[in-house]
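# Structure assessment
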Amino acid sequence: PGPASGQAGTDAPSEGRISSTAGVLLKAGKIAGESRLHFGGWAGLLFADNLAIGGGGFALLNDVELAGPGGGTGFDLGLGYGGLIFRYWEALADPLTGEVGFMVGAGHAEVRNQLDGTEVGSDNFLVSEAEMGVLYSLLESLHIGLSVGYRLTAGVEDLPGVSTTDLNGFTGTLSLRLGGGRGR
């Protein structure tokens, strides 16, 4: 006979179970030579308690100031990007979990005149970003993490004073993840 309704017990491993997970992130990195913070997040489906597939995005908290031609009026660069996100984690030594992540998607950048805010150029671009880090379990389904990554862009052509290499760079991320176990 099976267990009585309402009987306490341990849950079976969640092999084959699909649930959800999400994260809020604060990234630091260089954009056009200036250190800037990005804020964003992601959400996705969680497979087998350690593989998440979903979507997310990030935006600069403050524009980057660009010098004007010949020392004249400068410009402000704003950008955001997002796309499809893959994250995988495995338990290390309790309470630590190792994590790797990859995002592939697109972004949009805009250059505006500092005096009057008029747009002087904008462009869409392709972006990918790989990360690896460690998470500390605060609770079974609440984790705080630190990671390092690299953002790689392609297709920036219509932004005055900005090239693809200005948007590429290393990142450091502080994250808070809700959902998902510690891996296996």
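Cut-offs applied
- Residues numbered from 1 in each chain as written.
- Predicted model: local features only at pLDDT ≥ 70, side-chain atom pairs only at ≥ 80, totals over all residues.
- Heavy atoms only, no water.
- Helix = DSSP H or I, 4+ residues; strand = E, 2+ residues; numbered from the N terminus.
- Contact = heavy atoms within 4.5 Å.
- Polar contact = N/O pair within 3.5 Å; in protein donor to acceptor, adjacent residues only side chain to side chain.
- pLDDT = per-residue confidence, 0-100.
- Phe/Tyr/Trp six-rings, centres within 6.5 Å; stacked < 30°, edge-to-face > 60°.
- Buried < 20%, exposed > 50% of the residue type's maximum accessible area, 1.4 Å probe, protein only.
- Salt bridge = Lys/Arg side-chain N within 4 Å of Asp/Glu carboxyl O.
- Pairing = 2+ DSSP bridges.
- Core = buried A, V, L, I, M, F, W, Y, C linked by side-chain atoms within 4.5 Å.

### Observations concerning the environment of Arg112
- With respect to the element layout, Arg112 can be found in strand β6 (residues 96-113).
- As for Arg112 and Leu66, which are separated by 46 residues in sequence, their C-alpha atoms are 9.7 Å apart.
- Here Arg112 is in contact with Asp63, Gly74, Phe75, Asp76, Gly78, Gly117, Thr118, Glu119 and Val120, once residues within four sequence places are set aside.
- Among the polar contacts made by the side chain of Arg112, one reaches the side chain of Asp63 at a distance of 2.4 Å.

### Brief notes about the confidence of the model for the chain
- A residue-level look at the chain finds 87% of positions with pLDDT of 70 or above and a mean pLDDT of 87.
- Scored below 50 in pLDDT, residues 1-14 makes 2 contacts in the model with residues more than four places away or belonging to other chains.

### Focus: the packing of aromatic side chains
- In total, this model carries 2 aromatic pairs according to the counting rule given.
- Between the aromatic rings of Phe58 and Tyr81, the centroid separation amounts to 5.5 Å while the plane-to-plane angle is 40 degrees, which identifies the pairing as tilted. You can see Phe58 sitting in strand β3 (residues 51-60) and its partner Tyr81 sitting in strand β5 (residues 75-91), a full 23 residues away along the chain.
- Overall, the relative accessible area of 8% leaves Phe58 in the buried class.
- For Tyr81, a relative accessible area of 4% corresponds to the buried category.
- Taken together, a centroid distance of 4.8 Å and an interplanar angle of 75 degrees make the contact between Tyr150 and Phe170 edge-to-face. Note that Tyr150 is positioned in strand β8 (residues 142-154) and Phe170 in strand β9 (residues 169-178), a separation of 20 residues in sequence.

### Comments concerning the pattern of salt bridges
- Going through the model one piece at a time under the given rule, you end up with 7 salt bridges.
- Residue Glu131 pairs with Arg87 through a salt bridge whose shortest N-O separation is 3.4 Å. Placement of the pair is Glu131 in strand β7 (residues 119-139) and Arg87 in strand β5, with a sequence separation of 44 residues. For the pair Glu131 and Arg87, a shared accessibility class is recorded, and that class is buried.
- For the salt bridge of Arg112 with Glu110, the shortest nitrogen-to-oxygen distance reads 2.8 Å.
- Three or more residues joined by partner-sharing salt bridges are found here, namely Lys27, Arg87, Glu99, Glu129, Glu131 and Arg177.

### Notes on the pairing of β3
- When strand β2 (residues 34-47) meets β3, the two strands line up antiparallel, connected through 10 bridges. Opposite Trp42, over in β3, you have Gly56 as the bridge partner.
- The turn joining β2 and β3, which pair antiparallel and follow one another in sequence, is formed by 3 residues; a positive phi near 55 degrees is taken by Ala48.
- Sheet analysis places β3 next to β5, joined by 9 bridges and oriented antiparallel. When the sheet's bridge partners are listed, Gly54 is paired in β5 with Ile85.

### Regarding the nonpolar core
- Counting 25 residues, the largest nonpolar core has Ile31, Leu66, Leu77, Leu79, Phe125, Val162 and Leu167 as the members making the most contacts within it.
- Put simply, the parts of the chain that give this core at least two residues each are β1 (18-31), β2, β3, β4 (64-66), β5, β6 and β7.
- Apart from the residues within four sequence positions on either side, Leu66 is in contact with Ala32, Gly74, Phe75, Leu77, Val111, Pro160 and Val162.

### Quick notes on the pairing of β5
- Of the pairings in the sheet, the one linking β4 to β5 comprises 3 bridges and is antiparallel in character. In the sheet register, Glu65 faces β5, and the bridge partner there is Asp76.
- Direction of pairing for β5 relative to β6: antiparallel, over a ladder of 17 bridges. Bridged to Ile85 within β6 is Met103.
- Taken together, β5 and the strand that follows it, β6, pair antiparallel across an intervening segment of 4 residues.

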